[in-house]
Amino acid sequence: MIHGVKRLFFLPALVLNLLHADAGTVISLDPGWRFFQGEAKGAEAAGFDASSWRKLDVPHDWSIEGPFDKNAATGGAGGWLPSGVAWYRKEIQIPADAEGRRVWVEFDGVMASSDVWMNGTHLGHRPNGYVSFRYDVTAAIKPGAANLLVVKADTSAQPASRWYTGAGIYRHVRMVIADPVHIAPWGVFVTTPEVSAESALVKVSTRISNSTPRAEKLSVRSEILDAKGGRVSTTDTVVEAAAGASVDALHEIRVAKPALWSVDSPAMHTLVSTVSAGGRVLDETRTSFGIRSAEFRSETGFHLNGKNLKLKGVCLHHDGGAVGAAVPLGVWERRLSLLRELGVNAIRTAHNPPAPEFLDLCDRMGFLVMDEFFDCWTKGKNKFDYHLHFKKWAHTDLRDGILRDRNHPCVILYSVGNEIHDTPKPDIAKPILRGLVDVCHETDPSRPVTQALFRPNVSGDYQNGLADMLDVIGTNYRDQELLQAWKDKPGRRIVGTEQGHERSTWAACRDHPQHSGQFLWCGIDYLGESRSWSLTVFDGGLLNRAGFIQPRGEERRSWWSDKPMVKAFRRIGRTAETPADPGYEAVEWKRLQVLYPDWNPRESTAHEENVEVYSNADEVELVLNDRSLGVKQLRKDGSALNWKVPYEPGALRAIARKDGREVAVDTLRTAGKPAAIQLVADRRNLGTGWDDVSHVEVRVVDGNGVIVPDATQLVRFQIEGPGHVIAVDSGSVVSVEPFQAMERKAWQGRCLAILRAAAAGKFVLRAEADGLAPATIEFTAR
């Protein structure tokens, strides 16, 4: 099934005619497509000649291939990248023993306005590029023969988004073959309504579909396994499924001394669901879940497993920077690991359902998730955005999304809208919201619903009843108004759905126990939402687009992380404040860089530098060339420590101490002329799967190994052996260099190469630049 309910996977599924449909078979359809970008009349037909089309595997985002174009129809909102029609065709050899069984194809996401055909039969259309969907192809296939699957994706109607969307079959695709009596897609629902350290109650609802013309007496088993595969508990029941109908089997299972899922210890369990008749197994699925309780309380905010926990969250768009919208899981794993180092414990999926494997990763890593679905309702923000389809598709898309995601322990909250422009007209907005909340509650009664309210005091949301239709009231940016709304009406539960990076905003959240937490805009720089060429990203993240930690990320670490830290910067100007409503300011909000992690000011003669230090220790001492510049105590309000330092080249050290003991040191060194390249990889041992990647940080250094902060050399890459450079980047917000290339200019002394293994074996990356000593690094793929 689409993620959340999993059958047996065969990976890679390269020779499909060798796979047989047993109790339930899942076949990856990712490899071996033909692709064409442009109009192709009649391409859905079997007789169409696509032999000249490009061969590729999916997931595939063709838009990220570029080029950047000032005149692109997507504009700055779409990162100046291309849009249009694209076609994908794939021949599938379906096993002969699929005859008499149910067969469907599943897509985790196609951007956008997709149409799908099987053997020339049109299966359906989905306008929303973020939703996962499936089509039953039982009547359209030819078992034991070649079958043709065709997909058309169309992003030509522009402008259609406020950020970069990507284009094409950018998520995974699979085929499922099951018995006529089978567990329904997304048909397993697991909840844990009672949780303690001593005992937990696990409730399981399993929907079985009977597509035969006769009633079936069925045995349904639910077996819980722990993280190591050990049996925790098993229960059975017998149900009767009427001909051509579905039936729900309900189980309640007690688990003694359960391993609880939490942010610090995300213990996962597996539910094995089996349907049998006459001693023969008809279907079996595996569902990952976690045993945990999650609750929002009016007086004390969010609680996980009965313990109060402040949500320290960030908002993330779905793109992965240089890889675009088709994001290998290894890219997300690196990004989330870096955010975790900064103290982040929660993610808001702004403003759409993420890839299902992203939620799998959040489950495993212990991130809490606000699962968001819509950026607009009936009043659009762009001429061709989702408002054109909302009335017809919103409930279907929302219901499908919740059915897909409701077993993830990481998901604690559903959001049904971001900065919705319908709300100034409550007679329109309130019935819409009522319908959306009802869909959420009907599909998943175990989780609360919120909405990221937009200027709620202007539209009267707190007074006219709209806000109180939400289980948890969410508001963007206006935290003082949100706190006042809590005071005005007892019992309200509140969360900051989107906030700026200012210390005062964090203090308002930190110092009010009723405030459940905040989600910063944004966690990582993302493509698009630009107002001016050649700015290609929105640069407001804790990490930049290449995944390098920015100064605001280190400041946040000093507030959110418990691990001792210290970080020093040169400050050359004032940080621009977050507007009251970002994106709607009359004068463009320009986020100029004013903090630099180096000791190479432009002026090398005698002058004074403003050195700013972030730490979570008791005190910090600043030392220049072994001379102490004084010790300063950390302020209770968390504000930075600043020194006026007479500049001289050398080494500037910030030494953090706690209880009189040194706990962290950061050193800024004056860099000389560029001399060599250094390569630092996050992984040197890889698998050969699509999701396995390594990030190689390329540093331009001087003769002492210090990064040269103004280095801009063009770095050229070569690969020897079974590996590929799949993308390059530097984090520069104004570069329009292609991401899919074998070279990249350094920016502030660094750039990035993302690698994937093509086969098992060893391969070597070589990086070189004019006038610099080259570097190599070896990788092993297994």
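For the structure, check the block above.
Residues numbered from 1 in each chain as written. Predicted model: local features only at pLDDT ≥ 70, side-chain atom pairs only at ≥ 80, totals over all residues. Heavy atoms only, no water.

A. Representation of the state of the cysteines. Tallied over the full model, the rule gives zero disulfides. Looking at the unpaired cysteine 315, the closest cysteine sulfur is the one in cysteine 522, lying at 7.9 Å. The buried category is assigned to cysteine 315, whose relative accessible area is 1%. No disulfide involves cysteine 376; its sulfur sits 16 Å from the nearest other cysteine sulfur, which is in cysteine 440. (Disulfide = S-S within 2.5 Å. Buried < 20%, exposed > 50% of the residue type's maximum accessible area, 1.4 Å probe, protein only.)

B. Spotlight on the sheet that holds strand β44 (residues 723-729). Spatially, four strands are ordered β40-β42-β46-β44 in an open sheet, and the strand pairing comes out antiparallel. Here the strands that pair on one side only, and so sit at the sheet edges, are β40 (676-681) and β44. Taken pair by pair, the neighbouring strands of this sheet meet at an average axis angle of 30°, ignoring direction. Bridging between strand β42 (residues 694-701) and strand β46 (residues 750-757) involves six bridges; their strand directions are antiparallel. What sits directly across from valine 696, in β46, is alanine 753. (Pairing = 2+ DSSP bridges. Helix = DSSP H or I, 4+ residues; strand = E, 2+ residues; numbered from the N terminus. Axes fitted to C-alpha atoms, helices over the stretch in contact; angles between N-to-C directions.)

C. Main features of the nonpolar core. The biggest cluster of nonpolar side chains holds 112 residues, and the ones touching the most others in it are Leu336, Leu339 and Ile347. If one sorts the elements of this core by residue count, helix α4 (residues 426-443) sits on top with seven residues. Dropping the residues within four chain positions of it, leucine 339 is found in contact with Val314, Leu316, Val344, Ile347, Gly523, Ile524, Leu542 and Leu543. Trp62, Val116, Ala140 and Leu149 belong to the second largest nonpolar core, which has 33 residues in total. (Core = buried A, V, L, I, M, F, W, Y, C linked by side-chain atoms within 4.5 Å. Contact = heavy atoms within 4.5 Å.)

D. Just empty space enclosed by the protein, in detail. Considering all chains together, one arrives at five cavities of 30 Å³ or more under this definition. Secondary-structure elements contributing two or more residues to the lining of the largest cavity are α1 (329-341), β23 (346-349) and α2 (356-365). Estimated volume of the second largest cavity: approximately 70 Å³. Every residue along the wall of the second largest cavity is listed here: Arg162, His351, Asn418, Glu419, Tyr477, Glu498, Trp521, Glu529, Pro582 and Gly583. Tallied by class, residues from the lining of the second largest cavity come to three nonpolar, three polar and four charged. (1 Å grid on protein atoms, 1.4 Å probe; cavity = no way out; pocket = protein on both sides within 12 Å on 5 of 7 lines; lining within 4 Å. Points joined across faces, edges and corners; volume = space filled by probe spheres on them. Nonpolar A, V, L, I, M, F, W, Y, C, P; charged D, E, K, R; others polar.)

E. Broad picture of the pattern of salt bridges. On inspection of all chains with the given rule, the structure shows 50 salt bridges. The residue arginine 207 makes a salt bridge to aspartate 248 at a minimum N-O spacing of 2.7 Å. Placement of the pair is arginine 207 in strand β13 (residues 199-210) and aspartate 248 in strand β16 (residues 246-256), with a sequence separation of 41 residues. When its relative accessible area of 33% is taken as the criterion, aspartate 248 is described as partly exposed. Across the pair aspartate 581 and arginine 478 runs a salt bridge, and its minimum N-O distance is 2.6 Å. Taken together, the residues aspartate 581 in the loop between β32 (566-571) and β33 (595-596) and arginine 478 in the loop between β27 (473-476) and α6 (479-488) connect sequence positions 103 residues apart. Accessibility assignment for this pair places aspartate 581 and arginine 478 in one class, buried. One network of salt bridges, in which partners are shared, links Glu106, Asp108, Arg134 and Arg174. (Salt bridge = Lys/Arg side-chain N within 4 Å of Asp/Glu carboxyl O.)

Keep in mind that these numbers describe shape and distance, not what the molecule does.
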